[in-house]
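# Summary of the model geometry
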Amino acid sequence: PAVEFGLDASFSVEYHDALPSTNDRARELAATGERDVAVLADRQTGGRGRRGREWSSPSGGVWMSLVLRPNVPPARASLLTLAAAVAVTDAAREAGVDAAIKWPNDVIVPRDDSAESSQGDTPSRGGDKLAGVLTEMEGEASEVSWVVVGMGVNVNVDPSDLAGESTSVRAEAGDVERRVFVQRVLERFDALRDDPDATLDAWRGHAATLGERVRVETQHGDLVGTAVDVTAHGALVLDTDDGEEVVHTGECQHLRPV
Ligand code: BTN
């Protein structure tokens with residue numbers, strides 16, 4: 001199947017016309033000891049998003065999950081989520097889309113709402129969702145045994161076939177060859193995956209969230225503050241009225257500009 005997709009990357013590719021979820025297939029492969037496999041499906045019938053949400057996955061998108069065995073502790077493995085967001089953002093920019101990262105793992109096309117703001121106050125960089133990343137892992141506190149990084153990118157699809165405030169490469173810049181898009185994502189991800197510093201630098205450079213005043217909903221309540229940085233493990237640093245607060249990726253239920 002790798003040949004069918006015509007890719008030249010450090011991942012072997014398993015391509016399917018349809019799967020319930022590429023993350024589920026990748027988890028199966030991970031459990032049998034596989035590594036460095038990219039599972040792709042033209043469409044998913046049970047695509048999953050974060051927090052148990054559904055992920056619309058019509059034919060034409062890039063629905064892909066990577067099977068990885070990075071030999072690192074779980075906190076460090078979280079950086080792979082950021083690397084995936086950077087890789088997708090770069091591929092989208094190359095396709096002509098004005099993409100940026102919304103912490104922790106959303107790739108959005110920022111919309112400047114200032115025109116609608118009657119007070120003319122600071123523009124809020126909300127945006128429409130282009131892609132999301134769903135990372136799942138298993139293992140010990142000292143070292144993960146495997147990580148599955150699932151990326152869902154709305155490529156050659158109509159936003160009307162997607163949920164919520166979504167956009168697509170088609171809507172922003174026109175259709176692209178998916179094989180080329182996937183190749184770019186894999187190359188960029190491959191260059192970053194063993195390089196936390198480069199990942200964090202690139203992530204900071206692509207972030208729509210940094211410098212923004214945001215509200216983060218967590219299971220312990222809401223936090224409001226200015227997003228000032230990400231930590232070495234990808235957690236968000238907020239400057240709040242009560243001082244600095246750090247929000248870990250797993251704690252965030254929702255983040256929006258205020
Ligand atoms: C999010 O909620 O933003 C994450 C969405 C992740 C969707 C991708 S599509 C490929 C992989 N398979 C899934 O079922 N989910 C991920």
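Looking at an unreviewed UniProt entry, one finds the protein named Biotin--[acetyl-CoA-carboxylase] ligase, with Halobacterium bonnevillei as its source organism.

### What to know about the overall build of the protein
When helices and strands are counted, the protein shows seven helices and twelve strands. Its C-alpha radius of gyration of 18 Å places the protein within 12% of the 18 Å reference for a compact globule of 258 residues. By its C-alpha atoms, the protein is 55 × 45 × 30 Å across when sized along the principal axes. Buried residues in the protein amount to 44% of all 258 residues. When contacts within the protein are restricted to residue pairs at least 6 apart in sequence, those whose partners lie at least 24 apart make up 61%.

### Thoughts on the confidence of the model for the protein
Averaged over the protein, the pLDDT score is 91; the fraction of residues at 70 or greater is 91%. Under a pLDDT of 50 for its full length, residues 114-124 has, in the predicted model, five contacts with residues more than four places off or in other chains. Under the prediction, the complex receives an ipTM of 0.99, its pTM being 0.92.

### A closer look at helix α2 (residues 22-31)
Taken as a whole, α2 has its buried residues at Thr22, Asn23, Arg25, Ala26 and Ala30. For α2, the angular spread of the buried residues around the axis is 160 degrees, confining them to a single face. Glycine 33, located one to two residues past α2, shows a positive phi value of around 95 degrees.

### Looking at unusual backbone geometry
Each neighbour pair has its own omega, and for tryptophan 103 with proline 104 the value is 0 degrees, a cis peptide bond. Here proline 104 lies in the loop between β4 (100-102) and β5 (106-112). One non-glycine residue, aspartate 36, lies in positive phi territory at about 55 degrees. For aspartate 36, the location among the structural elements is in the loop between α2 and β2 (37-44). Residue aspartate 36 is classed as partly exposed on the basis of its 13 C-beta neighbours within 10 Å.

### Focus: the site of the ligand
Residues in close proximity to the ligand total 21 residues, the closest being Ser21, Gly49, Gly132, Gly150 and Gly152. Elements with a minimum of two residues in the shell around the ligand: α2, β3 (62-68), β6 (125-139) and β7 (144-153). By residue class, the composition of the shell around the ligand is six nonpolar, eleven polar and four charged.

### A closer look at the nonpolar core
Residues Ala84, Val88 and Met151 are the most contacted members of the largest nonpolar core, which totals 74 residues. For this core, the element with the most residues is helix α4 (residues 79-94), which contributes eleven residues. No fewer than three residues from each of domain 1 (2-208) and domain 2 (210-258) sit in this core. Setting aside residues no more than four positions away along its own chain, valine 88 makes contact with Val107, Ala131, Met151, Val153 and Val185.

### Remarks on the sheet that holds strand β9 (residues 221-230)
With antiparallel pairing, five strands are arranged side by side in an open sheet as β11-β10-β9-β8-β12. The sheet is open, and its two borders are formed by β11 (243-247) and β12 (252-257), each paired with just one other strand. Going across the sheet, the axis of each strand differs from the next one's by a mean of 40 degrees, ignoring polarity. Inspection of the sheet shows strand β10 (residues 236-240) paired to β11 by five bridges, in the antiparallel sense. The partner of valine 237 across the bridge, within β11, is valine 246.

### Side note on the domain arrangement of the protein
Note: interface size is frequently given as the accessible area lost on complex formation between the parts. Entries for the protein in the domain assignment read domain 1 (2-208) and domain 2 (210-258). Listed by partner, the interface residues are 18 residues for domain 1 and 14 residues for domain 2. The set of elements that each furnish at least two residues to the side of domain 1 that touches domain 2 consists of α3 (74-77), α4, β6 and α7 (196-206). For the side of domain 1 that touches domain 2, the element with the highest residue contribution is α7, accounting for four residues. Taken together, the residues that form the side of domain 1 that touches domain 2 break down as nine nonpolar, four polar and five charged.

### Points about α7
Within α7, burial applies to Thr199, Leu200, Ala202, Trp203 and His206. The buried residues of α7 occupy an angular sector of 165 degrees when projected down its axis, which confines them to one face. Relative to its buried face, α7 has exposed residues pointing more than 90 degrees away, namely Asp197 and Gly205. Lining the buried residues of α7 we find α4, β4, α6 (178-192) and β9.

Conventions adopted
Residues numbered from 1 in each chain as written. Predicted model: local features only at pLDDT ≥ 70, side-chain atom pairs only at ≥ 80, totals over all residues. Helix = DSSP H or I, 4+ residues; strand = E, 2+ residues; numbered from the N terminus. Rg over C-alpha atoms; globule rule 2.2 N^0.38 Å. Buried ≥ 20, exposed ≤ 12 C-beta atoms within 10 Å, placed from the backbone. Contact = placed C-beta atoms within 7 Å. pLDDT = per-residue confidence, 0-100. Arc of directions from axis to C-beta. Near = placed C-beta within 6 Å. Nonpolar A, V, L, I, M, F, W, Y, C, P; charged D, E, K, R; others polar. Core = buried A, V, L, I, M, F, W, Y, C linked by C-beta atoms within 7 Å. Domains from an automatic or database assignment. Pairing = 2+ DSSP bridges. Axes fitted to C-alpha atoms, helices over the stretch in contact; angles between N-to-C directions.

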